[in-house]
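# Examining the three-dimensional arrangement
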Amino acid sequence: MSFGFRSRIASLAAIAFSLAAPAAAQKVDRIEDLTPAQRSEIFCVHNKLVAGNGFVAIGQAYLDQLDKALAAKAEPLLAAAEAECARFHGWDVNKRDIAKHVGAYGAASEHFARQLLQRGVRQEIVTRVFAITDSLPDDDYYRLFDLSWHGDPVFEQRLDAMLVAEGFSKDDAESLATGRLLMETVAMSFDEVWIWVEEYID
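Note that the structure is predicted; figures quoted are calculated from it, not measured.

## Regarding helix α9 (residues 153-165)
The α-helix advances 3.6 residues per turn, and as a result positions three or four apart in sequence lie on the same side. Taking 1.5 Å of rise per residue, the 13 residues of α9 would be expected to cover 18 Å, and the 18 Å separating its terminal C-alpha atoms lies within 8% of that figure. Buried within α9 we find Phe 155, Glu 156, Leu 159, Asp 160 and Leu 163. Taken end-on, α9 shows its buried residues confined to a sector of 135 degrees, consistent with a single buried face. Among the exposed residues of α9, those pointing more than 90 degrees away from its buried face are Val 154, Gln 157 and Ala 165. Its side-chain oxygen placed 3.1 Å from the backbone nitrogen of Val 154, Asp 152 serves as the N-cap of α9. With its phi angle positive at about 125 degrees, Gly 167 sits one or two positions after the end of α9.

## So, the environment of Glu 84
Note that Glu 84 resides in helix α5 (residues 68-89). Placed 39 residues apart in sequence, Glu 84 and Val 45 show a C-alpha to C-alpha distance of 8.3 Å. Reaching out from Glu 84, the side chain makes a polar contact with the side chain of Lys 48 at a distance of 3.2 Å.

## Looking at the packing of aromatic side chains
What the rule picks out here adds up to eight aromatic pairs. Ring geometry for Trp 149 versus Phe 155: centroids 5.6 Å apart, planes at 65 degrees, classification edge-to-face. Counting every residue linked through ring pairs, the aromatic cluster contains Tyr 62, Tyr 105 and Phe 112. Directly above the ring of Tyr 200 sits Lys 95, whose terminal nitrogen or CZ lies 4.7 Å from the centroid. When the ring centre of Phe 155 is taken as reference, the NZ or CZ atom of Arg 143 above it lies at 5.2 Å.

## Describing the nonpolar core
Within soluble globular proteins, side chains that are nonpolar generally end up buried alongside one another. In this structure, Val 45, Trp 91, Leu 144, Phe 168, Leu 182 and Met 183 are the most contacted members of the largest nonpolar core, which totals 53 residues. Mapped onto this core, the elements with two or more residues apiece are α3 (44-51), α4 (55-63), α5, α6 (93-118), α7 (123-134), α9 and α10 (173-200). Ranked by residue count, the leading element in this core is α10, at 11 residues. Setting aside chain neighbours within four positions, we find Met 183 in contact with Val 129, Ile 132, Thr 133, Leu 136, Leu 144, Leu 159, Met 162 and Leu 163.

Rules of the game
Residues numbered from 1 in each chain as written. Predicted model: local features only at pLDDT ≥ 70, side-chain atom pairs only at ≥ 80, totals over all residues. Heavy atoms only, no water. Helix = DSSP H or I, 4+ residues; strand = E, 2+ residues; numbered from the N terminus. Expected span 1.5 Å × (residues − 1). Buried < 20%, exposed > 50% of the residue type's maximum accessible area, 1.4 Å probe, protein only. Arc of directions from axis to C-beta. Polar contact = N/O pair within 3.5 Å; in protein donor to acceptor, adjacent residues only side chain to side chain. Phe/Tyr/Trp six-rings, centres within 6.5 Å; stacked < 30°, edge-to-face > 60°. Lys NZ or Arg CZ within 6 Å of the ring centre and 35° of its normal. Core = buried A, V, L, I, M, F, W, Y, C linked by side-chain atoms within 4.5 Å. Contact = heavy atoms within 4.5 Å.

This is how it looks when you write it as structure tokens:
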């Protein structure tokens, strides 16, 4: 993404990233192992973008990363959320950078998730995209980071088969394409979360 690249009471991403109680002696193996305070800090930028509807501009800019006008609209929203969270939590430069990327990818995920809802994909099916992304074999998971997978029919068909198994219509090409984008941004957001966990928690 040219500028730095995961309306209901709770966002789909927050639902998917939540809510189990952490172990007493903390060892973070899953996002659910984070304490509420840790989740609130890590997802601070994401949560502000969702609460202020900035996720729409972020998602549109992610979808068309060569469009300078979309980037110009998204950049100030991301920067404002990052700055506000940095002041509140007292972040250093590294924490700001990680949280910005968690927020950007998470906001794009929110945008794609809501697009799927608007197309009639049920919420429980959309939410399961987060779980199937996290359960991908390593080779497929990290292939999502290599954007050359776009247009690879074999890889796209493999992702589509997973989505159809979770309840997507095999005849709805637009929803499948959006589902693949959701998997991509979820993987990128998860990866940034684990960078934070490895550097500041584990």
